[in-house]
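Structure at a glance
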Amino acid sequence: MSISRPLKGILLSCIAALAFASHDSLSKYLAASNGVLMVLWIRYLSQSLLLAAWQLPRHGWRVLRVNCPGLQMLRGLSLLSISLFFLSALRLLPLAEATAVHFIAPLLVILLAMPLLGERANPGQWLAVGVGFLGVLIIVRPGGGLLTPAMLLPVASATCYALYQLLTRRIGTRDSAGATNLVTGLVGATGMNLLLPLFWQGLPPWPQLLAMAALGAIAVGGHMLLTIAFQYSSPVSLAPFSYLQILFAMLLGLLLFDHAPDAGALLGMGVIALSGLGSAWLQTRLQP
């Protein structure tokens, strides 16, 4: 029996959420013994090589001729900042809680869209933003063990991710998706190469080196799955399923790191997810 187009989009979106949670779990494990910068350096090299091997034979070097190089540079730096902040957070915080706080990014888009894009939010969307931040406060509540400066790291990664989304919207169709993703990867790889003298202590053992390279493949695969999913279903209709990444992160944190969120953290995660779902539902109501 054939699967309907919307259901295909949902299934691909769910697999992408699992891929991203797996990427974060493997990153957390590798960063514990190799450091954040080493892991990201190998990951960005791997990602750039894979994207180049995919795009250059199809389009040649002209794929690098973008129409808005400034915005592309900022987009690449935003993604690199997301990686630096979030992987630093994973070294210090439990996987599920850090993932949940990072998921306030869609709500931050509402906050930043007005000054950056001139878009106005309605009262319902402002309510969703407030509820989302309430979820963060529940997770980091006094006495919960997570009220530390380290909790600012996933907040910073979420802010950079919101900027990344807004820059992607500004770029729009002025550049192809292939060119945008390749340039973004190259900016990240170049940035990590510039930081190389700060962390270079020799290459890690081959098994860990291969695992770091696998991070690039997982990242590319996850984004490809989402791209294909959007061909079957609209981004707004698929937005609720992205919150499965919090559930997958919680399960992987339990299996791999023996960490189970307490009741307060679970409540906070649920509040963040509900606020994001509410924001996505309001977006569907606003569409003509």
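Cut-offs applied
Residues numbered from 1 in each chain as written. Predicted model: local features only at pLDDT ≥ 70, side-chain atom pairs only at ≥ 80, totals over all residues. Heavy atoms only, no water. Helix = DSSP H or I, 4+ residues; strand = E, 2+ residues; numbered from the N terminus. Rg over C-alpha atoms; globule rule 2.2 N^0.38 Å. Buried < 20%, exposed > 50% of the residue type's maximum accessible area, 1.4 Å probe, protein only. UniProt positions renumbered as here; feature names shortened; annotations may be inferred. Axes fitted to C-alpha atoms, helices over the stretch in contact; angles between N-to-C directions. Parallel < 35°, antiparallel > 145°, perpendicular 65-115°, else oblique. Left-handed = near helix turned anticlockwise from the far one by under 90°. Contact = heavy atoms within 4.5 Å. Nonpolar A, V, L, I, M, F, W, Y, C, P; charged D, E, K, R; others polar.

Another aspect to go through is the overall build of the chain. Along the backbone of the chain there are 12 helices and 0 strands. For the chain, the succession of helices and strands along the chain, N to C, is α-α-α-α-α-α-α-α-α-α-α-α. Rg of the C-alpha trace for the chain: 19 Å, near the compact-globule value of 19 Å for 288 residues, within the 12% margin. Oriented by its inertia axes, the alpha-carbon framework of the chain measures out at about 50 × 45 × 45 Å. Across the 288 residues in the chain, those meeting the buried criterion constitute 47%.

So, about unusual backbone geometry. Here the phi dihedral of Asp-258 falls at roughly 55°; this positive angle occurs in a residue that is not glycine. If you trace the backbone, Asp-258 turns up in the loop between α11 (244-257) and α12 (263-286). Take Asp-258: its relative accessible area is 68%, and that puts it in the exposed class.

Moving on, we come to the UniProt feature "domain: EamA" (unreviewed entry) in the chain. Feature annotation in UniProt places "domain: EamA" (unreviewed entry) on residues 8-140 and 150-275, given in this structure's numbering. End-to-end, the C-alpha atoms of residues 8-140 are 37 Å apart, and along that stretch the chain is 85% helix and 0% strand.

Packing of helix α2 (residues 36-59) against helix α8 (residues 177-199) brings their axes to within 8 Å, and their N-to-C directions diverge by 150°. Comparing their axes, α8 and α2 come out roughly antiparallel. With respect to the hand of their crossing, α2 and α8 are arranged in left-handed fashion. Together, Leu-37, Met-38, Leu-40, Trp-41, Tyr-44, Leu-45, Gln-47, Ser-48, Leu-51, Ala-52 and Gln-55 of α2 and Gly-178, Asn-181, Leu-182, Gly-185, Leu-186, Gly-188, Ala-189, Met-192, Asn-193, Leu-195, Leu-196 and Phe-199 of α8 make up the contact between the two elements. When grouped by side-chain class, the residues that make up the contact of α2 with α8 number 15 nonpolar, 8 polar and no charged.

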